[in-house]
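These are the residues of each chain, in order.
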2 protein chains.
Amino acid sequence: MSAYAVGHKVPDSDSICSAIALSYLKNATGEDVKPARLGELSPETLFILEKFGFEQPELKMTFADTDGIYVVDHSDRIQGPDDIDDTTVLGIIDHHKLGDITTSTPLECWIRPVGCTNTIIKMMYDFHSVEIPKDIAGAMMCAILSDTVIFKSPTCTTADIKCVEALAEIAGIEDYKALGMEMFKVKSAVEGTPIRDLVLRDFKDFNMHGKTVGIGQLEVIDLAVFNEMKEDFLADMAALKEEGGRHSVMLLLTDIMKEGSEVLVVSDNDDLTDKAYGKTAVNGKVWIDGIMSRKKQVVPPLQDSLA
Amino acid sequence: MSAYAVGHKVPDSDSICSAIALSYLKNATGEDVKPARLGELSPETLFILEKFGFEQPELKMTFADTDGIYVVDHSDRIQGPDDIDDTTVLGIIDHHKLGDITTSTPLECWIRPVGCTNTIIKMMYDFHSVEIPKDIAGAMMCAILSDTVIFKSPTCTTADIKCVEALAEIAGIEDYKALGMEMFKVKSAVEGTPIRDLVLRDFKDFNMHGKTVGIGQLEVIDLAVFNEMKEDFLADMAALKEEGGRHSVMLLLTDIMKEGSEVLVVSDNDDLTDKAYGKTAVNGKVWIDGIMSRKKQVVPPLQDSLA
């Protein structure tokens, strides 16, 4: 038996890279921990793993039969493995709001209001004075560039920027911004991908005062790639809302150069975006300037408006 | 407006000393944070404050009108201020199981499976390279000696021992074990104190699968001090159970020299201690050898047995 480090469902680059980086650190400090993933990987994450020579972590959906899990990149039961209530949570490393995971024994939590879980994992390496291998440093760095949208996201802190600079030096990467743009170009190549796959690519369910709200996000270099897709997105989101008994489904189409998002919405509340953001959606669509972060700009006002 | 650092209801030495130590650290790193307390202090805590020259923190029960709170020494809504749901939780520093506090925005959590919150706060000082003043080091050290029962509790880790040694040096205290014993002698002087005050002296309510369970603990050098009090304790616990609509009330009379506890119990379940600890209570009383820690030895099996 081993313990596992595992991120959220619909894993993104931060969930995967932090599971890999944390497992290495735990092994170095004498714990048997392996990385796992709760789903298929996005092209961006596959790009990072290939770039630095990593295999995909083991696809593993249940953990009750293990020595426990370190939860990375979230603290919400709904985002974790389905048998999380029967699994020992050994620790949580995260940078989001505090969710509803509880435990019956003391644990290890490193939660900080920074832009990326990997920034916190770097602090853990420093705390334990463990040297970060070159390949792991590269993967961690890419995860931070992804989560902070190359420092453009309002979630980005000076700690994230300093961390990227330190990791780039360890990984021997001179122009990390160029690598970040290469990564976002991979992310922007959406043509030919099934609509449902795109809606679910970076999709998270939230329990907001008893209502299930699913929020997806696609970050691209130019929103024009979605011109012919929006009605199909809305139709698929309506289906997804029904299938999951959800109160609302939102999809954020984020333009990382214009620094804003077109919000697509299907909801039981006709005035969902009015109440949460003071913006009226027309035919289920509304552009909101400056909105780039689901966790910092989209979730908190929505959660408050549904109270 | 300020933010506050505040521990649990029925504050113990760790809750108070960690609120003081965290506030100083936050001030040193540019945040306006003040210590507060949710109730009257025990003789042990008053002894520590007097010894190192501190005033009692402000008695303050509501925080919705503040800049937010740092929760120290717990993460349970039931143990926090009554208006915690209307208060911004900026962070949690704790060494217990993860409770049911949730937030709508990212926060700072330092939670570790160690013996005392102050051991974690020492890590925070080190992380920020802030020097600990002599008087604060002394108070932090006493809180760790209290929580770990001078290193005898099974919750005590090598991190706690190293931390006490470092703090003793900063505080200029040569024989910290003698100071610990002096503190436990203050704690053992229970004669003349009203029964209700003793039952509530270190009392915590837990929400265990929807059932409210209150557990008090009195740690003394010799259990003989309680010889004439046990029936009065049980009668008062029965009253407390009714008043609070509780499922169970337990009182742990812990002998720190013999390293075990006599458990007094009043419960809706006649076989509460059988199911949780494999020990039958006779007339509401049972001695359990080796039981010294509420959080590590008493709460987890009880919570599991009530699932």
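Residues numbered from 1 in each chain as written. Chains lettered and ligands numbered in written order. Predicted model: local features only at pLDDT ≥ 70, side-chain atom pairs only at ≥ 80, totals over all residues. Heavy atoms only, no water.

*Asks:* Quick one: what's the story with the overall build of chain A, residue by residue and with numbers?
*Replies:* When helices and strands are tallied, chain A shows 10 helices and 11 strands. Taken over C-alpha atoms, the radius of gyration comes to 19 Å for chain A, in line with the 19 Å a tight globule of 307 residues would show. Expressed as lengths along the three principal axes of its C-alpha atoms, the size of chain A is roughly 55 × 45 × 35 Å. Excluding contacts between residues fewer than 6 apart, the proportion of contacts in chain A whose partners are at least 24 apart in sequence is 64%. (Helix = DSSP H or I, 4+ residues; strand = E, 2+ residues; numbered from the N terminus. Rg over C-alpha atoms; globule rule 2.2 N^0.38 Å. Contact = heavy atoms within 4.5 Å.)

*Asks:* I'd love a proper account of the pattern of salt bridges, names of residues and values included.
*Replies:* Here the structure, examined in full by the defined rule, presents 42 salt bridges over all chains. For Arg77(A), the salt bridge goes to Asp100(A), with nearest N and O atoms at 4.0 Å. Here the residue Arg77(A) occupies a position in the loop between strand 4 (69–72) and strand 5 (89–94), and Asp100(A) occupies one in the loop between strand 5 and strand 6 (108–111), the gap between them amounting to 23 residues. What makes Arg77(A) partly exposed here is its relative accessible area of 34%. By relative accessible area, which is 28% here, Asp100(A) ends up partly exposed. Between Glu259(B) and Lys152(B) there is a salt bridge, with the nearest N and O atoms lying 3.9 Å from each other. (Salt bridge = Lys/Arg side-chain N within 4 Å of Asp/Glu carboxyl O. Buried < 20%, exposed > 50% of the residue type's maximum accessible area, 1.4 Å probe, protein only.)

*Asks:* Would you mind going over the domain arrangement of chain A in detail, with residue names and values included?
*Replies:* Residues and elements named next belong to chain A. One can read the domain layout of chain A as domain 1 (3–185) and domain 2 (195–305). The partner domain 2 presents 20 residues to the 20 residues of domain 1 that form the contact. At the boundary of domain 1 with domain 2, total buried surface from both sides reaches about 1,900 Å², with 63% on carbon and sulfur atoms. Looking at the side of domain 1 facing domain 2, the largest losses of area belong to Val-10, Lys-152 and Pro-154, adding up to 27% of the total buried there. At the surface where domain 1 touches domain 2, the tally comes to 4 residue pairs in polar contact (both at pLDDT 80 or more). Its residues placed into classes, the side of domain 1 that touches domain 2 shows 8 nonpolar, 8 polar and 4 charged. (Domains from an automatic or database assignment. Buried area = accessible area lost by both parts, 1.4 Å probe. Polar contact = N/O pair within 3.5 Å; in protein donor to acceptor, adjacent residues only side chain to side chain. Nonpolar A, V, L, I, M, F, W, Y, C, P; charged D, E, K, R; others polar.)

*Asks:* Describe helix 5 (residues 158–171) of chain A, and please don't skip the residues or the numbers.
*Replies:* All names here are of chain A. Over its 14 residues, helix 5 extends 20 Å from the first C-alpha to the last, a length consistent with the 20 Å expected when each residue adds 1.5 Å. Within the sequence span of helix 5, burial applies to Asp-160, Cys-163, Val-164, Leu-167, Ala-168 and Ala-171. All buried residues of helix 5 fall inside an arc of 135° around its axis, so they share one side. Those residues of helix 5 that are exposed and angled more than 90 degrees off the buried face are Thr-158, Lys-162 and Glu-169. Residues of helix 5 that are buried sit in contact with helix 3 (117–127), helix 4 (134–147) and helix 6 (176–188). (Expected span 1.5 Å × (residues − 1). Arc of directions from axis to C-beta.)

*Asks:* Help me get a handle on the packing of aromatic side chains, residues and values and all.
*Replies:* Evaluated as defined, the whole model comprises 11 aromatic pairs over all chains. Between Trp110(B) and Phe127(B), the ring centres sit 5.7 Å apart and the planes meet at 75°, which makes this aromatic pair edge-to-face. On the criterion of sequence distance, the pair formed by Trp110(B) in strand 6 (residues 108–111) and Phe127(B) in helix 3 (residues 117–128) is long-range, its members being 17 residues apart. Accessibility expressed as a relative area gives 2% for Trp110(B), which makes it buried. Residue Phe127(B) is classed as partly exposed on the basis of its relative accessible area, which comes to 43%. The rings of Trp110(A), Phe127(A), Trp110(B) and Phe127(B) are connected pair by pair, giving a single aromatic cluster. Residue placement shows Lys60(A) over the ring face of Tyr4(A); its charged tip is 5.4 Å from the ring centre. In this structure, Lys60(B) is placed above the aromatic ring of Phe63(B), and the distance from its NZ or CZ to the ring centre is 5.4 Å. (Phe/Tyr/Trp six-rings, centres within 6.5 Å; stacked < 30°, edge-to-face > 60°. Lys NZ or Arg CZ within 6 Å of the ring centre and 35° of its normal.)

*Asks:* Before we move on, could you go through the relation of the copies chain A and chain B and cite the residues and values that matter?
*Replies:* Copy one and copy two of the chain differ by a rotation about a common axis and a shift along it. The operation relating chain A to chain B is a screw motion whose rotation component is 180°, with 0.0 Å of axial translation and a residual RMSD of 0.0 Å. One copy is carried onto the other by what is essentially a two-fold rotation axis. Identified as the residue of chain A closest to the rotation axis by C-alpha distance is Trp110(A), at 2.7 Å. Take the interface residues of chain A: 100% of them recur as interface residues in chain B, which is what a same-surface contact looks like. (Least-squares fit on C-alpha atoms with pLDDT ≥ 70 in both.)

*Asks:* A description of the nonpolar core should follow, citing residues and the corresponding values.
*Replies:* All names here are of chain A. Core analysis: the largest hydrophobic core is formed by 54 residues, its most contacted members being Leu-22 and Met-141. Secondary-structure elements contributing two or more residues to this core are strand 1 (3–6), helix 1 (13–28), helix 2 (43–52), strand 4, helix 3, helix 4, helix 5 and helix 6. Counting residues per element, this core draws most heavily on helix 4, at 9 residues. Setting aside residues no more than four positions away along its own chain, Met-141 makes contact with Val-164, Leu-167, Ala-168, Ile-173, Tyr-176 and Leu-179. (Core = buried A, V, L, I, M, F, W, Y, C linked by side-chain atoms within 4.5 Å.)

*Asks:* Give a description of helix 1 of chain A that names residues and reports values.
*Replies:* All names here are of chain A. Spanning 16 residues, helix 1 covers 23 Å between terminal C-alpha atoms, matching the ideal 22 Å at 1.5 Å per step. A large share of helix 1 lies buried, amounting to 13 of its 16 residues. Of the residues one or two after helix 1, Gly-30 is the one with positive phi, at around 95°.

*Asks:* Summarise empty space enclosed by the protein; cite the residues concerned and give the values.
*Replies:* All names here are of chain B. One pass over the full model with this rule turns up 3 cavities of 30 Å³ or more. Taken as a whole, the largest cavity holds about 450 Å³ of empty space. Lining the largest cavity are 32 residues; nearest its centre among them are Asp-12, Asp-147, Asp-202, Gln-217 and Arg-294. Residue assignment for the lining of the largest cavity shows that the elements contributing at least two residues are helix 2 (43–52), helix 4 (134–147), strand 7 (203–208), strand 8 (211–220) and helix 10 (294–305). (1 Å grid on protein atoms, 1.4 Å probe; cavity = no way out; pocket = protein on both sides within 12 Å on 5 of 7 lines; lining within 4 Å. Points joined across faces, edges and corners; volume = space filled by probe spheres on them.)

*Asks:* Any details on the interface of chain A and chain B? Residues and values, ideally.
*Replies:* Taken together, the contact between chain A and chain B spans 26 residues of the former and 26 residues of the latter. Interface of chain A and chain B: buried area, both sides summed, is about 2,200 Å²; carbon and sulfur atoms make up 65% of it. For chain A, the biggest contributors to the area lost against chain B are Leu98(A), Ser104(A) and Pro106(A); these three give 28% of the whole. For the pair chain A and chain B, the number of links is 0 salt bridges. Here chain A and chain B share 6 residue pairs in polar contact (both at pLDDT 80 or more) between them. Contributions of two or more residues to the side of chain A that touches chain B are made by strand 6, helix 3 and helix 10 (294–305) of chain A. Per-class residue counts for the side of chain A that touches chain B are 12 nonpolar, 8 polar and 6 charged. Of the strand pairs in this sheet, strand 6 of chain A and strand 6 of chain B are connected by 3 bridges, and their pairing is antiparallel. Paired with Ile111(A) across the two strands is Cys109(B), which belongs to strand 6 of chain B. (Pairing = 2+ DSSP bridges.)

*Asks:* Residues and numbers for the sheet that holds strand 4 (residues 69–72) of chain B, please.
*Replies:* What the 12 strands build is an open sheet, ordered 3(A)-2(A)-1(A)-4(A)-5(A)-6(A)-6(B)-5(B)-4(B)-1(B)-2(B)-3(B); its pairing is mixed. Both outer strands of the open sheet, strand 3 (58–59) of chain A together with strand 3 (58–59) of chain B, are each paired with one neighbouring strand and no more. Examined bridge by bridge, strand 1 of chain A and strand 4 of chain A share 3 bridges and lie parallel to one another. When the bridges of strand 4 of chain A are listed, Ala5(A) appears paired with Tyr70(A).

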